[in-house]
Amino acid sequence: MHAFLFLAFPMALIWYCTTNSKYEVKNFIAPLLMGFLISAAVCTFKDFFTFSSHTWTENSFVTFLKLFFAESFFPVVIVSALFFFFSNNDTEYKTSSEFPLIAAFYAVFIPYVVMTGEHRETFTLIAKPLSYLALTFALTAFLSLSHFALQDKNKKLTVFMIISSFLSLIVPPLLETIWYYGANSIFMCVIAFILFSLSAFFYFIVRKTHIRQPIFMSM
């Protein structure tokens, strides 16, 4: 189970970067490095300047909010914003880079959070990385659709995709909160796997529908 925790995101990154027919592997070096380095910096800061990884409370809503902001909302929003700000490439490349960017961040961050936390159980070793991998697939699909909706000047679809992206950020911390307050670990693993399957399938549909000619660009 520990192997899955450490290998889930790296294996997904290898698959994504080597099977993407639009960009070469070298085109994803920038988002990969940014994701890894920011995650390493965050983990180092937490290790040296904070006293605990997460304090569970009796209030489930407070627990959910802590997980949501610390592990989902702020990491995704800040890392994505930094990449979008510093990258000089077009929007289509930036949306395609969302997967390697966020997956690289979580490849370091999720194992760190689990291994330094209080609970190393079936949920945290399997369901947690699965749920964040599902989030990464979903975000990539939603951002891609947002890009194409903007190109088509479809404001309603753009707004819907942005709202969907936000809602997807809620799912992983919600699953963990439900698990902590009594849900069966195996059952939550099944739920996480279903969500991962649906997110990956949704991403494949989006990629197949909106795929264009390969682009070979230099970074």
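Colleague: Describe a nonpolar patch on the surface, naming the residues involved and giving the relevant values.
Modeller: Residues Phe 69, Phe 74, Val 77, Ile 78, Leu 82, Phe 85 and Phe 86 make up a contiguous nonpolar surface patch of about 670 Å² in total accessible area. Tracing the backbone shows Leu 82 in helix α3 (residues 60–86).

Colleague: Help me get a handle on unusual backbone geometry, residues and values and all.
Modeller: Of note in this structure, Lys 153 is not a glycine but carries a positive phi near 60°. Lys 153 sits in the exposed class, given a relative accessible area of 73%.

Colleague: Which residues make up the environment of Ala 134, and what values go with them?
Modeller: Turning to its location among the elements, Ala 134 is positioned in helix α6 (residues 122–151). Here the alpha-carbon distance between Ala 134 and Cys 17, two residues 117 residues apart in the chain, equals 17 Å. Among all residues touching Ala 134, those that are not within four sequence positions of it are Leu 195, Phe 196 and Ser 199.

Colleague: Describe the packing of aromatic side chains, and please don't skip the residues or the numbers.
Modeller: Enumeration over the complete set of coordinates arrives at 34 aromatic pairs. Pairing Tyr 23 with Tyr 93 gives two aromatic rings, centres 5.3 Å apart and planes at 75°, and the pair type is edge-to-face. Taken as a pair, Tyr 23 in the loop between α1 (2–19) and α2 (29–49) and Tyr 93 in helix α4 (residues 91–96) lie far apart in primary sequence, 70 residues in all. Ring geometry for Phe 64 against Phe 68: centres 5.9 Å apart, planes inclined by 20°, an arrangement best described as stacked.

Colleague: Please set out the side chain of Ser 97 residue by residue, giving values where relevant.
Modeller: By the element assignment, Ser 97 lies in the loop between α4 and α5 (98–116). Contacts of Ser 97, omitting those with residues within four sequence positions, involve Phe 28, Pro 31 and Phe 83.

Conventions adopted
- Position labels on residues start from 1 in each chain and follow its written sequence.
- Selection of residues for local features in this predicted model requires a pLDDT of at least 70, selection of side-chain atom pairs for listing and counting requires 80 or more, and totals for whole chains, interfaces and linings are taken over all residues.
- Side-chain numbers here rest on the full set of heavy atoms in the structure, without hydrogens or water.
- Candidates for patches are residues over 30% relative accessible area with no salt bridge; among them, like charges are joined within 9 Å and nonpolar side chains (Val, Leu, Ile, Met, Phe, Trp, Tyr) within 5 Å.
- All accessible-area figures derive from a Shrake-Rupley calculation using a 1.4 Å probe, and residue coverage is judged against the displayed protein chains alone.
- By convention in these notes, a salt bridge is any Lys or Arg side-chain nitrogen within 4 Å of a carboxyl oxygen on Asp or Glu.
- Put simply, DSSP marks the helices as runs of H or I at least four residues long and the strands as runs of E at least two long, and each gets a number from the N terminus on.
- Only protein chains enter the accessibility calculation, which uses a 1.4 Å probe; a residue whose area is less than 20% of its type maximum is buried, one above 50% is exposed, and one in between is partly exposed.
- In what follows, a contact means two residues having at least one pair of non-hydrogen atoms within 4.5 Å.
- Aromatic rings from Phe, Tyr and Trp, taking only the six-membered ring of Trp, are treated as a pair when their centres fall within 6.5 Å; an angle between ring planes under 30 degrees marks them as stacked, one over 60 as edge-to-face, and anything in between as tilted.

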